[in-house]
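A structural walkthrough
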Amino acid sequence: MQAFTYRNQILHAEDVSVEDLAETYGTPLYIYSRRKFLQQLKGLQQAFAAVDPLICYSVKANSNLSVIKTFSEGGAGVDIVSGGELFRARRAGVDASKIVFAGVGKTSAEIEAALREKIRFFTVESEGETERIAQCAVRLGTVGRIAFRVNPDVDPQTHRYISTGKQENKFGMDPARVREAFKRAVAMPGVEPVGLHMHIGSQILNPDPFVEAIRKVTPLCRELRDKYDSFKTLDIGGGLGIGYEPDDQPLEPTALAERLVPLLQELDLQIVMEPGRYLAGEGGILVTRVQYVKDSYHKKFIVVDAAMNDLLRPSFYQAYHPIAAVRETEKTVLGDVVGPICESGDFLAQDRTLPNVPANELLAVHCAGAYGFTMSSNYNSRPRAAEILVDRNQARVIREREKLDDLIRGEIMED
Ligand SMILES: Cc1ncc(COP(=O)(O)O)c(C=O)c1O
């Protein structure tokens with residue numbers, strides 16, 4: 001299913017005109033397709049059905065309560081990385097037994113909150129963290145389930161900012177340390193080591209790094225499984241890439257499953273997956289209105305009302321997002337799409353063939369459902385965009401546009 005298609009030359013989100021939504025709710029505007037979100041989840045569930053994984057949607061990709069609730073209603077659990085995400089997940093009604101908690105720097109307060117909620121497990125990144133979880137759990141008279149994060153030292157062939165499973169990355173522990181840490185944790189009060197975890201990176205388009213990582217941890221999995229009754233789970237993380245660029249071949253779940261399922265079946269463990277981008281990315285667009293079209297020395301700048309504070313990925317990772325006119329046009333122009341922020345790095349596209357649209361027309365930035373709104377900020381004192389969730393011919397505001405008063409909430413002006 002295509003979430004965003006043209007009807008009578010106007011872009012639609014499912015059955016709703018994007019032009020009408022922009023007129024009603026203003027721009028910049030995030031628009032999501034509920035059916036696309038659920039279709040992605042279903043595709044993954046079906047592809048990996050043979051190992052019956054618990055798919056934990058990675059909330060950092062898009063943490064709007066209604067988005068979390070959509071995935072939860074589709075049968076997913078969640079992967080969280082902060083007390084804030086725990087709060088959101090519980091508010092969205094996610095069952096605590098389907099929450100896994102990752103991250104290298106969990107504070108005692110965050111750990112205690114998760115212990116009180118009785119989450120499924122913490123993924124543990126260091127010996128220090130194991131001890132801290134144990135101490136918190138003993139203090140609360142409970143036991144924290146933990147899965148050690150292995151750093152398999154695999155190159156995920158992605159942008160270096162989103163590579164997480166190589167030696168030089170801060171994440172996880174090498175297999176020999178994990179073996180020792182697991183052994184120590186078995187004898188420790190307050191923790192129950194239940195498995196291993198890994199997450200090698202994001203926007204991965206090739207199954208090979210996943211295969212290599214699983215192959216690398218397989219001997220350790222076998223060893224721990226045979227030694228310890230509590231060892232029952234392997235969490236293989238997220239990282240499935242989507243097709244941002246015209247030449248990108250998206251990683252199809254069936255193609256990935258074909259390679260991974262035989263390796264996973266052989267381990268006979270409860271499998272957990274943590275996709276974020278794959279579930280949410282293609283189901284969202286950012287709609288922005290052209291303010292000016294400006295000619296400079298040798299190029300054209302299309303100045304729009306969305307900026308790096310709304311969608312950081314192009315500035316931060318030099319990421320490519322497809323950009324199309326909301327009112328379909330064949331005319332193109334070579335140039336940049338830039339925002340109003342006072343940074344030369346504030347662009348949504350650079351040196352690209354773009355739709356040739358005049359001021360006041362609308363552009364849609366595609367593949368913006370993941371790491372879009374969640375990475376947005378108030379930089380340059382810009383209120384953050386509204387978010388809309390479309391389901392067939394229904395459109396609901398799932399986050400109101402911020403108002404000027406929201407910008408100064410919590411600030412104290414000195415006498
Ligand atoms: C531990 C962990 N799991 C899952 C994810 C989700 O990754 P993706 O959105 O690429 O699927 C991330 C992303 O940073 C992560 O750090």
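Only a predicted model underlies this, so the values are computations on that prediction, with no experimental measurement involved.

This brings us to the site of the ligand. Neighbouring the ligand are 14 residues, the closest being Ser202, Gly239, Glu274, Arg277 and Tyr371. The backbone of Gly239 places a nitrogen or oxygen atom 2.8 Å from an oxygen atom of the ligand. Separating an oxygen atom of the ligand from a backbone N or O atom of Arg277 is a distance of 2.8 Å. Assessed atom by atom at 2 Å from the grid points, the ligand resides in the largest pocket. The residue inventory of the shell around the ligand, partitioned by class, reads three nonpolar, six polar and five charged.

Here we take up the environment of Glu112. Relative to the helices and strands, Glu112 is located in helix H5 (residues 108-117). On the accessibility criterion, Glu112 (15% relative accessible area) is buried. Considering only alpha carbons, one finds Glu112 and Ala137, 25 residues apart in sequence, at a separation of 7.3 Å.

Now for unusual backbone geometry. In the segment running from Thr27 into Pro28, the intervening peptide bond is cis, with an omega of -5 degrees. Tracing the chain through its elements places Pro28 in the loop between helix H1 (18-25) and strand S4 (29-33). Even without being glycine, Lys118 reaches a positive phi, approximately 60 degrees. On the secondary structure map, Lys118 appears in the loop between H5 and strand S8 (121-124). Overall, the relative accessible area of 52% leaves Lys118 in the exposed class.

When its domains are assigned, the protein resolves into domain 1 (4-32 + 283-407) and domain 2 (48-276). Distance between the C-alpha centres of domain 1 and domain 2: 33 Å. Residue-level contacts link 19 residues of domain 1 with 17 residues of domain 2. If you sort the residues of domain 1 by the area they bury against domain 2, Tyr317, Tyr320 and Tyr371 come out on top, with a joint share of 38%. Across the domain 1-domain 2 interface, the total number found is zero salt bridges. Summed over the shared surface of domain 1 and domain 2, the number is seven residue pairs in polar contact (both at pLDDT 80 or more). Contributions of two or more residues to the side of domain 1 that touches domain 2 are made by helix H11 (313-317), strand S19 (386-391) and strand S20 (394-399). Partitioned by chemical class, the residues of the side of domain 1 that touches domain 2 number ten nonpolar, five polar and four charged.

On to empty space enclosed by the protein. One pass over the full model with this rule turns up two cavities of 30 Å³ or more. In this structure, the largest cavity spans a volume of roughly 40 Å³. If you trace the largest cavity, you find it lined by Met198, His199, Ile200, Phe210, Ala213, Ile214 and Ile236. Across the lining of the largest cavity, the residue classes tally to six nonpolar, one polar and no charged. Taken as a whole, the second largest cavity holds about 30 Å³ of empty space. When contributions to the lining of the second largest cavity are tallied by element, the ones reaching two or more residues are helix H6 (127-140) and helix H7 (175-186). No other element matches the three residues that H6 contributes to the lining of the second largest cavity.

Turning next to the side chain of Glu402. Residue placement: Glu402 occurs in the loop between S20 and helix H12 (404-407). Of the residues examined, Glu402 reaches a relative accessible area of 12% and is grouped as buried. Engagement of the side chain of Glu402 in a polar contact is seen with the side chain of Asn378, the distance being 2.9 Å. Beyond its immediate stretch of four places on either side in the chain, Glu402 contacts Asn378, Pro383 and Arg384.

Now for the layout of surface pockets. Reported here for the largest pocket is a volume of approximately 530 Å³. The wall of the largest pocket is formed by 27 residues, among which Lys60, Thr164, Phe171, His199 and Tyr371 lie closest to the centre. Listing elements by their share of the lining of the largest pocket, those giving two or more residues are helix H10 (277-280) and H11. Per-class residue counts for the lining of the largest pocket are eleven nonpolar, nine polar and seven charged.

The rules we used
Residues numbered from 1 in each chain as written. Predicted model: local features only at pLDDT ≥ 70, side-chain atom pairs only at ≥ 80, totals over all residues. Heavy atoms only, no water. Near = heavy atom within 4 Å. Polar contact = N/O pair within 3.5 Å; in protein donor to acceptor, adjacent residues only side chain to side chain. 1 Å grid on protein atoms, 1.4 Å probe; cavity = no way out; pocket = protein on both sides within 12 Å on 5 of 7 lines; lining within 4 Å. Sits in = over half its atoms within 2 Å of the grid points. Nonpolar A, V, L, I, M, F, W, Y, C, P; charged D, E, K, R; others polar. Helix = DSSP H or I, 4+ residues; strand = E, 2+ residues; numbered from the N terminus. Buried < 20%, exposed > 50% of the residue type's maximum accessible area, 1.4 Å probe, protein only. Domains from an automatic or database assignment. Contact = heavy atoms within 4.5 Å. Buried area = accessible area lost by both parts, 1.4 Å probe. Salt bridge = Lys/Arg side-chain N within 4 Å of Asp/Glu carboxyl O. Points joined across faces, edges and corners; volume = space filled by probe spheres on them.

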